[in-house]
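# Descriptive structure summary
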Amino acid sequence: MSSPDIAGILESSRELDRLRKEQEEVLLEINKMHKKLNATPEVVEKPGDNSLSRLKILYTQAKDLSENEVTVSNNLLNLLDALLPSGPPGQQRRRIEGSDQKRKRMKNESDISRLSPAMRNQLEACASLKGEQVAARVTGNNAEKDEWFVVKVMQFDRETKEFEVLDEEPGDDEEGGGQRKYKLPMSCIIPFPKKNDPSSVPDFPPGRHVLAVYPGTTALYKATVVSPPRKRKTDE
């Protein structure tokens, strides 16, 4: 192994460490923003608030860092592959195929292990929503008007951090009819409080902005609380 080869491998390794540290810092900031928005969602409607813009910037940074990590990792793998001794064609092919599978498994494991505890807990919570009904924003970020529906979670992909959801109410004839499926990021999903856990129900003071369900449909609309709900003996 020549000195330039060693230098290239060491440099790529150091770059990977740097990228992972930066990703951890960005993820911590994202978690802080999520906690802020979960605790006071009405803050985004205040004049001059830049919470959503800041969150978008953080997600963009996380995406760029992740893509850079893939590029550096591929470069490091190419350097290592070039230094490995070659064998018979069949043996070499099996070695490469086995290495690819091992790399994918190690990447998935390392992706999970380097996440902060808060992010791992959030991914666990998202995975536990399978089969549950949630509120989902099905329009893009650049849409003129947000559309929210009550949907059923079919699957959650931990790697892409995307939900696969199903709108169980058939669409209009103009839309082709039938139930509609969507793939949505975590930011477009709001879980409902647990029916058997009254402590999970947030307070709804007068003036709080909420999503309400149109009677007899799965469509949601933005509303403002006029008076808080009355407590029932059954805690429903």
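Look up a bit, the structure's there.
Read on for an overview of the structure.

Let us look at the nonpolar core. Formed by 34 residues in total, the largest nonpolar core has its most connected members in Ile30, Phe163, Val165, Leu184 and Ile189. Breaking this core down by element, the ones donating at least two residues are α1 (3-39), α2 (51-83), α4 (117-127), β1 (133-137), β2 (148-157), β3 (162-167) and β4 (180-185). When neighbours within four sequence positions are excluded, Leu184 is seen to be in contact with Ala136, Arg137, Val138, Lys161, Glu162, Phe163, Val165 and Ile189.

Our focus in this paragraph is α4. Buried within α4 we find Met119, Leu123 and Cys126. One side of α4 holds all its buried residues, which, seen down the axis, span an arc of 60°. Along α4, the residues that are exposed and aim more than 90 degrees away from the buried face are Pro117 and Asn121.

Turning next to the side chain of Asp167. Secondary-structure assignment places Asp167 in strand β3. Polar contacts involving the side chain of Asp167 include one to the side chain of Thr218, which spans 3.2 Å.

What counts as what
- Every chain is numbered on its own, with residues counted from 1 as its sequence reads.
- Only residues with pLDDT of at least 70 get local features here, since the model is predicted, and only at 80 or more are side-chain atom pairs given and counted; chain-wide, interface and lining totals rely on the full set of residues.
- Computation of side-chain values: all heavy atoms of the structure, hydrogens and water removed.
- Buried Ala, Val, Leu, Ile, Met, Phe, Trp, Tyr and Cys residues that are joined via side-chain atoms within 4.5 Å together make up what is termed a nonpolar core.
- Burial classes follow relative accessibility: with a 1.4 Å probe on protein chains only, a residue under 20% of its type's maximum area counts as buried, one over 50% as exposed, and anything between as partly exposed.
- Starting at the N terminus, helices and strands are each numbered in turn, a helix being any DSSP run of H or I of at least four residues and a strand any DSSP run of E of at least two.
- Residues count as neighbours in contact if any of their non-hydrogen atoms are within 4.5 Å of one another.
- This arc is taken over the directions from the axis of the helix to the C-beta atoms.
- For the purposes of these results, a polar contact is taken to be a pair of N or O atoms within 3.5 Å, where, inside protein, one atom must be able to donate a hydrogen and its partner to accept one; residues adjacent in sequence count only when each atom of the pair is a side-chain atom.

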